[in-house]
Amino acid sequence: SQASLEEESQKETAVGHWTTLMPSEGSKEEPETGCQDAGGADETQSTEQLNVSRLRSSSVEIREKGSEFLKEELHKAQKELKLKDKECERLSKVREQLEQELEELTASLFEEAHKMVREANTKQAASEKQLKEARGKIDMLQAEVTALKTLVITSTPSSPNRELHPQLQSPSKAVFRKGHGRNKSTSSAMVSAASQNVTPEPVSHERKEVDSILFAEFQAWKESPTLDKSCSFLDRIYREDVGPCLNFTKQELSELVRVAVEQNTLTIEPVASQTLPVVPVSAEECGGPKKCALSGLPRTCKHRIMLGDSGNYYYISPSCRARITAVCNFFTYIRYIQQGLVRQDVELMYWEVMRLRREMSLAKLGFYPSEM
């Protein structure tokens, strides 16, 4: 703008000089020229001063306007900065509040989790206690069921076992010979008292002498009783007594009978006059009232067996029943010893085991009571 003003002043000056060089008609040439020169110089100088003053006033005005504009912009910026500071302060408070709420929520969650863990541990301990008690009751009930099965196997209404029912024997033979003849799972105290007060009497007047090897094996087994046939005590009895006693003509059925006896799942019952129809297996495998299923020989079968819960009945002869019963009596007695239900001296238990072994040997050889 200043350059444009200078250009305008120069133009005006040039115009002034142009006007001075144009003399008017009818005047004298020389005097008019001198006067015109003096007046033009003054006029030019005043014009230049006027232009400078104009330039100065315009520059001052521009400066003032720029200063006012900058002040307004600064004022606006300060206002925006204050607003932003307030917004930052508000957001900072919101963040602090959120952090505090998050910490409180985390603490409450951890507390709730610890509470749930404590309650779960308490419930687990109570459940384990109940489970332990239930298992104890189950073991007791299983022992009772085992005793009842033994009574069913060894004594039935049609042919009661006289050794389990001394009242059926003659006064001279009514001796409590079997240390496992009662249900020891339901009343071990009564059995303990009976075992301590009643001593088994020897059969007739035969002499007895303890075999050191057999007695040592029995003592070793008695320290940690088990039904595992790998121990020397049971391994010998399996080889010498149980195996031969349960070795029948029908090998496949014999193996099933042995497994059922070991697992205590075999049932013997007398044959009624009118039996229910027998299903799943053929008559050849089951035998019949006049044919033994184990030996395959024509015999009068007064009893039949069922293996587990299969529902299949097999007719057996008195000789086969005596052999199975002898083995069942042996396993019942050693199970009672394992469960701690027999309260007798080690030697008395040993002789009871030997007596049961003799019954298995006699049954294998074909000797059995006439009531079978």
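As the structure is a prediction and not an experimental result, all values here were calculated from the model.

Undergrad: I'm lost on the confidence of the model for the chain in this one. Help?
TA: Parts of the model with low pLDDT should not have their predicted coordinates read in detail. Residues with a pLDDT of 70 or more make up 69% of the chain, whose mean pLDDT is 77. Confidence over residues 155–159 falls short of pLDDT 50; this stretch has 13 contacts with residues more than four positions distant or in other chains. Low pLDDT, under 50, characterises residues 274–281; the predicted model gives this stretch twelve contacts beyond four residues in sequence or across chains.

Undergrad: Please clarify how a nonpolar patch on the surface should be interpreted in this entry.
TA: On the surface, Leu 102, Leu 105 and Leu 109 cluster together to form a nonpolar patch covering roughly 310 Å² of accessible area. With respect to the secondary-structure elements, Leu 105 resides in helix H2 (residues 29–154).

Undergrad: Can you help me understand the nonpolar core in this one?
TA: Ranked by size, the top nonpolar core spans 51 residues in total, and within it Val 242, Val 257, Leu 266, Leu 294, Ile 305, Ile 324 and Phe 330 carry the most contacts. Residue assignment for this core shows that the elements contributing at least two residues are helix H4 (212–223), helix H5 (232–245), helix H6 (251–262), strand E1 (266–270), strand E2 (303–307), strand E3 (313–316), helix H8 (318–338) and helix H9 (346–365). At eleven residues, the largest contribution of residues to this core is made by H8. Once residues within four sequence positions are removed from consideration, Val 242 is found in contact with Ile 237, Val 327, Phe 330, Phe 331 and Met 360.

Undergrad: What is the right way to look at H5 in this model?
TA: Owing to its 3.6 residues per turn, the α-helix brings residues three or four apart onto one side. In this model H5 runs 19 Å from its N-terminal to its C-terminal C-alpha over 14 residues, within 8% of the 20 Å that 1.5 Å per residue would give. Approximately 50 degrees is the largest bend angle found in H5, and it occurs at Tyr 238. Taken together, the buried positions of H5 are Phe 233, Leu 234, Ile 237, Tyr 238, Asp 241, Val 242 and Cys 245. Looking at the buried positions of H5, the neighbouring elements they touch are H4, H6, H8 and H9.

Undergrad: What am I meant to see in unusual backbone geometry here?
TA: Excluding glycine, a negative phi dihedral is what most residues carry, and trans is how most peptide bonds are arranged. For Asn 264, which is not glycine, the phi torsion reads 60 degrees and is therefore positive. Relative to the assigned elements, Asn 264 resides in the loop between H6 and E1.

Undergrad: Looking at this structure, how should I read the sheet that holds E3?
TA: Neighbouring strands of a sheet are bound in pairs by backbone hydrogen bonds; such pairs are parallel or else antiparallel. The three strands lie next to each other as E1-E2-E3, forming an open sheet whose pairing is antiparallel. Each end of this open sheet is capped by a strand with a single partner; those strands are E1 and E3. Across the sheet, the mean angle from the axis of one strand to that of its neighbour is 30 degrees, orientation sign disregarded. As judged from the four bridges shared by E2 and E3, these two strands associate in the antiparallel manner. Paired with Arg 304 across the two strands is Tyr 315, which belongs to E3. Strands in contact with H6 are E1, E2 and E3; relative to E2, the strand with the most contacts, it is inclined by about 75 degrees.

Undergrad: What am I meant to see in the pattern of salt bridges here?
TA: Close approach of charged atoms allows side chains with opposite charge to pair. Per the counting criterion, the structure on display carries 13 salt bridges. For Glu 87, the salt bridge goes to Arg 90, with nearest N and O atoms at 2.4 Å. Of this pair, Glu 87 and Arg 90 both sit in helix H2, three residues apart, which is roughly one turn of that helix. Given a relative accessible area of 37%, Glu 87 falls into the partly exposed group. A salt bridge links Glu 240 to Arg 357, with the shortest nitrogen-to-oxygen separation between them at 2.6 Å. Placement of the pair is Glu 240 in helix H5 and Arg 357 in helix H9, with a sequence separation of 117 residues. Given a relative accessible area of 9%, Arg 357 falls into the buried group. The network of salt bridges with shared partners includes Glu 217, Arg 236, Glu 240, Asp 241 and Arg 357.

Undergrad: I'm lost on the environment of Ile 268 in this one. Help?
TA: Mapped onto the elements of the fold, Ile 268 is located in strand E1. Note on Ile 268: relative accessible area 0%, which makes it buried. The sequence separation of Ile 268 and Tyr 314 amounts to 46 residues, and the corresponding C-alpha distance is 9.5 Å.

Undergrad: Got a minute to help me understand the packing of H4 against H5 in this structure?
TA: The description of two packed helices rests on the angle between their axes and on the distance between the axes. Orientation of H4 relative to H5, taken along the N-to-C sense of each, is 125 degrees, at an axis distance of 8 Å. Overall, the two elements H4 and H5 adopt an arrangement that is oblique. For the pair formed by H4 and H5, the contact residues are Ile 213, Leu 214, Glu 217, Phe 218 and Trp 221 on the first element and Ser 232, Phe 233, Leu 234 and Arg 236 on the second. Of the residues assigned to the contact of H4 with H5, the class counts are six nonpolar, one polar and two charged.

Definitions and limits used
- Residues numbered from 1 in each chain as written.
- Predicted model: local features only at pLDDT ≥ 70, side-chain atom pairs only at ≥ 80, totals over all residues.
- Heavy atoms only, no water.
- pLDDT = per-residue confidence, 0-100.
- Contact = heavy atoms within 4.5 Å.
- Patch = residues over 30% accessible without salt bridge, like charges linked within 9 Å, V, L, I, M, F, W, Y side chains within 5 Å.
- Areas by Shrake-Rupley, 256 points an atom, 1.4 Å probe, with all protein chains shown as cover.
- Salt bridge = Lys/Arg side-chain N within 4 Å of Asp/Glu carboxyl O.
- Helix = DSSP H or I, 4+ residues; strand = E, 2+ residues; numbered from the N terminus.
- Core = buried A, V, L, I, M, F, W, Y, C linked by side-chain atoms within 4.5 Å.
- Buried < 20%, exposed > 50% of the residue type's maximum accessible area, 1.4 Å probe, protein only.
- Expected span 1.5 Å × (residues − 1).
- Bend = angle between axes of the 7 residues up to and from the residue.
- Pairing = 2+ DSSP bridges.
- Axes fitted to C-alpha atoms, helices over the stretch in contact; angles between N-to-C directions.
- Parallel < 35°, antiparallel > 145°, perpendicular 65-115°, else oblique.
- Nonpolar A, V, L, I, M, F, W, Y, C, P; charged D, E, K, R; others polar.

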